Amino acid sequence: MKAFVTPTAALQGEINALSSKNYTTRYMLIGALAEGTSTILYPAHSEDSDAMRRCIRDLGAQLDENEHKMTITGFGRHPKHVKELNVGNAGAVLRFLMSVAAFCPEVTFINKYPDSLGKRPHSDLIQALQTMNVQVDHQDGRLPITIRGGNPKGGRIQVSGNVSSQYLSSLLFMTPLVEEDSEIEVLHDLKSKVVVGQTLEVIREAGIHLESSEDLMHYRIPGRQRYEPKQYIVQGDYPGSAAILAAAAVTNSDVRLLRLEENSKQGERAVVDVLQAMQVPLTHKDGVVHVKGNGRLKAGEFDGDHFTDGVLAMVAAAVFAEGTSRFYNVENLRYKECDRITDYLNELRKAGADVEERQSEIIVHGKPEGVEGGVEIDAHYDHRVIMALTVVGLRSKQGLVINDAHHVAKSYPQYFDHLQSIGARVELK
């Protein structure tokens, strides 16, 4: 599917933010790891959350769902023995379930996306699992991956955090269920610490006890614990909303986004602060972000590790800011669905943006007068790239055609519908 994005001067309206993909997948996982029935209110519907639905069903969880509520009867530490699991293109789902699969005799995670998830590395998690009495067959750390477990052992575990925090989160979900107590030490650096905070929040909501150091680099996890079946409420999603907010910021707008909690632990909540630093007129009160954009933005410098999944949308906003913006500490963007630095900036240049890259930085020389556009650009199978490029297209002089735009459904299936509802001129063919 192609998205034909036509320049749009003004946006106006109100949108209910979609439910958080990150919280939905985590609540679904702890529901599956509980013995008993849990309830999740307002679960997200996306390719990632659907991948978690599919896989935990295959592993023996019972799911019942209507539009706003899901019930899960879990399998605890005794998942059903399955030969294969298909996580689609969902990296977090793969990594979380690699540790859960350690309770099975043999599970192979198949490779359905060789040009996207199939290229992403998982070696750091594999090495940690191998120290826990789990055998892992892999292709230089990549899919397909076969887990041969059945009796994972706790103890002293080390895992690198300098590529992804998902490896650590995976181990934090699984280690409370093993027989032995565990200590986890994070080596090198830890990317996206705020996302680890979400994992800890969810685990503790389910009654699991663990100790974490203030810097989130060391953990003590008692074994032989059980996840408690409970009710969970999924909050609105900041990563997806970042692109809507960016679109409102670069146009003349009067746009309200609902269900975005001010005190959320989502790191991407920081995109509101980023836009305020860019002098975008907005307020954030009672769960509502209200943007009254005038298309005028000021450049700034931002630590992107605090809002990883919102960086591309904020870069799109910075394309039209006065001055030079710098987004630093973002190397982990290179290890996502695509290389979100090189691949994304190549597409921005096609559209007429003036951008530079370093190994862990994105530098944007703003063009308040706008960019030319008028070209066909590639999405690189990446939902965040699609959303961010749409923002650029709305403010371009000749619009943009985005190839493979259907991949936006990975996290935000309603993205184009929501944009159109507030006046964005986007046609899908």
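Residues numbered from 1 in each chain as written. Predicted model: local features only at pLDDT ≥ 70, side-chain atom pairs only at ≥ 80, totals over all residues. Heavy atoms only, no water.

Visitor: With reference to specific residues and values, describe the sheet that holds strand β4 (residues 62-65).
Guide: Overall, mixed pairing links the four strands, which are arranged β4-β5-β3-β14 in an open sheet. Here the strands that pair on one side only, and so sit at the sheet edges, are β4 and β14 (231-233). Averaged over all pairs of adjacent strands, the angle between their axes in this sheet comes to 15°, without regard to strand direction. Strand contacts of helix α2 (residues 47-58): β4 and β5 (69-73), with the helix running at about 140° to β4, the strand carrying the most contacts. (Pairing = 2+ DSSP bridges. Helix = DSSP H or I, 4+ residues; strand = E, 2+ residues; numbered from the N terminus. Axes fitted to C-alpha atoms, helices over the stretch in contact; angles between N-to-C directions. Contact = heavy atoms within 4.5 Å.)

Visitor: Pulling in residues and values, what's your account of helix α10 (residues 342-351)?
Guide: Restricting attention to buried positions, one finds in α10 the residues D343, Y344, L345, E347, L348 and A351. Against α9 (311-318), β20 (354-358), β21 (361-365), β22 (375-377), α11 (383-395) and β23 (400-402) lie the buried residues of α10. Within two residues after α10, G352 carries a phi angle of roughly 110°, on the positive side. (Buried < 20%, exposed > 50% of the residue type's maximum accessible area, 1.4 Å probe, protein only.)

Visitor: Outline the state of the cysteines, supporting the account with residue identities and numerical values.
Guide: Inspection of the entire model under this criterion finds zero disulfides. Summary of cysteine pairing: C55 is not part of a disulfide, and the nearest cysteine sulfur, belonging to C104, is at 11 Å. You can call C55 buried: its relative accessible area is 0%. (Disulfide = S-S within 2.5 Å.)

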